[in-house]
Amino acid sequence: MKIINRLQFLLLVTLFFAQAFIGASFIKPKIKISKQDSSINFNESFSRLATFGHGRFIGAITWVLTLLEGDIEHYKSKDGNSWMFHRFNSITIYDPLFYENYRFGGQYLSIIKDDISGATFIYDKGLKLYPDDFELNYHAGFHYYFEANHISKAISSYEKLSQNKEILSRFPLLPSILAKLRVENGDLNSAFSGLKDVYDSLADDSKFKLRFFNTLYTLKAKRDLKCLNGPNPVNCERNDFSGEPYQKKKGSYLTSKSLSKIMLKKKN
């Protein structure tokens, strides 16, 4: 019996060391849980009740934790439910006037997380509280058009920017971009008249005057040629933006100069 017990003991020891050796040499698969699946977020109703009068403090803590835990993983769904969206949205409940949450939270969701609908929601909330803010309208306008394809919202934000007295020094191409957005929205007359007002206010040696001239030439030509080549060309303007008459060839009116492209590139 003693011999059998010793053999059993030696066998157990051998198996133990064999298991340890195999375990050490075997590469175990890494288990990685994304922040999207591991983060904890509270719904809006709970968030409204849980502040106990300390909304600003809770909002600040949530903001710092969100920045520390933030990731760069793209959110692939289109439902606006990324974990960072819920964090930023919670902050809008804790502290509605927390400006940086709208400006930088919207940018992060739009560009880093690619949560387009979530970013739109945050920007919409921010602009209700800060409708005339330059930076918020600047970044929201870019997001609305180039990321979310909300052209009417983009025009609204850029029109707010156009009222700024320093707009030509801070965002000199805005008048041209706004004109092109209006064209895409089907408002050719407003596109021309708005850009023409800015063009007339520029000095003759302005580096943007020629650029705006080319856009205005195209806008006017598109409007005039549509009228001249239409069924009732009675009250149409017959000279282009340079003052030169339109040329008629093979029964249709044409411009003497080539037209510039006035469409902006954006996401499909």
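Predicted model, so just to flag it, every value in this text is computed and none were measured.

Asker: Looking at this structure, how should I read the packing of helix α11 (residues 174–184) against helix α13 (residues 209–228)?
Answerer: When two helices pack together, their arrangement is given by the angle between their axes and by how far apart the axes lie. One way to put it is that α11 packs onto α13 with a least axis distance of 10 Å and a crossing angle of 15°. With respect to α13, the axis of α11 lies roughly parallel. The interaxial crossing formed by α11 with α13 has left-handed handedness. Across the interface between the two elements, Pro-175, Ser-176, Ala-179, Lys-180 and Val-183 from α11 touch Phe-212, Thr-215 and Leu-219 from α13.

Asker: What should I look at first to understand the environment of Ala-119 in this one?
Answerer: Looking at the secondary structure, you find Ala-119 in helix α7 (residues 116–129). It is 8.1 Å that separates the C-alpha atoms of Ala-119 and His-143, two residues lying 24 residues apart in sequence. Beyond its immediate chain neighbours, meaning those up to four positions away, Ala-119 contacts Gly-106, Leu-109, Ser-110 and His-143.

Asker: For this particular structure, what's the right way to read helix α9 (residues 151–162)?
Answerer: An α-helical turn contains 3.6 residues, so any two residues separated by three or four positions project in the same direction. In a regular helix each residue adds 1.5 Å, so twelve residues correspond to 16 Å; α9 covers 16 Å between its end C-alpha atoms and thus fits that length. What α9 keeps buried is the set Ile-151, Ala-154, Ile-155, Ser-157, Tyr-158 and Leu-161. Across the axial projection of α9, the buried residues extend over an arc of 165°, all falling on one side. Looking at the buried residues of α9, the elements they touch are α7, α8 (134–147), α10 (167–170) and α11.

Asker: Explain unusual backbone geometry here, please?
Answerer: Most of the time, phi is negative for any residue but glycine, and the peptide bond is trans. Of note in this structure, Asp-114 is not a glycine but carries a positive phi near 60°. Mapped onto the secondary structure, Asp-114 falls in the loop between α6 (99–112) and α7. The phi dihedral of Lys-250 falls on the positive side, at around 55°, and the residue is not glycine. The residue Lys-250 is located in the loop between β1 (247–249) and β2 (252–254) in this model.

Asker: Sorry if this is basic, but what is going on with the state of the cysteines here?
Answerer: Disulfides are covalent bonds that connect the sulfur atoms of two cysteines. The full count for this structure, using the stated rule, is one disulfide. Here Cys-227 pairs with Cys-236 through a disulfide, and the sulfurs are 1.8 Å apart. Taking the sign of the torsion about the S-S bond as the criterion, the disulfide between Cys-227 and Cys-236, at about -80°, is left-handed. Here Cys-227 falls in the partly exposed class, since its relative accessible area comes to 28%.

Asker: Where do I start with the packing of aromatic side chains in this structure?
Answerer: The relative placement of two aromatic rings is captured by the distance of their centres and the angle of their planes. In total, this model carries 17 aromatic pairs according to the counting rule given. Taken together through their ring pairs, the aromatic side chains of Phe-192, Tyr-199, Phe-213, Tyr-217 and Phe-241 make up a single cluster. If you follow Arg-170 out to its NZ or CZ, it ends over the ring of Phe-134, 3.8 Å from the centre. Its end group placed over the ring of Phe-192, Arg-223 keeps NZ or CZ at 4.8 Å from the ring centre.

What counts and what doesn't
- All chains use their own residue numbering, which begins from 1 and follows the written sequence.
- For a predicted model such as this one, the threshold for reporting local features is a pLDDT of at least 70, and the threshold for listing and counting side-chain atom pairs is 80 or more; totals across whole chains, interfaces and linings nevertheless cover every residue.
- For the side-chain quantities, the full set of heavy atoms in the structure was used; hydrogens and water were omitted.
- All axes are obtained by fitting lines to C-alpha atoms, using only the stretch in contact for helices, and the reported angles, taken between N-to-C directions, cover 0 to 180 degrees.
- Strands are runs of DSSP state E lasting at least 2 residues, helices are runs of H or I lasting at least 4, and numbering of each runs from the N terminus.
- Each angle receives one of four descriptions, namely roughly parallel if under 35 degrees, roughly antiparallel if over 145, roughly perpendicular if within 65 to 115, and oblique otherwise.
- For any pair of crossing helices, the crossing counts as left-handed if the nearer helix is rotated counterclockwise from the farther one by less than a right angle, and right-handed if it is rotated clockwise.
- When checking whether two residues touch, look at their non-hydrogen atoms; a contact exists if any pair is within 4.5 Å.
- For a helix, the expected span equals 1.5 Å multiplied by the residue count minus one.
- Exposure categories follow from relative accessible area, calculated using a 1.4 Å probe and restricted to protein chains: below 20% of the type maximum is buried, above 50% is exposed, and the middle band is partly exposed.
- Starting at the helix axis, one direction is taken to each C-beta atom, and the arc is that of these directions.
- By convention in this document, the label disulfide applies to cysteine sulfur atom pairs within 2.5 Å.
- Only the six-membered ring of Trp is used, alongside the rings of Phe and Tyr, when aromatic pairs are assigned; centres must lie within 6.5 Å, and planes under 30 degrees apart are stacked while those over 60 apart are edge-to-face, with the rest tilted.
- We call a charge positioned above a ring when the Lys NZ or Arg CZ atom is no farther than 6 Å from the ring centre and deviates by at most 35 degrees from the ring normal.

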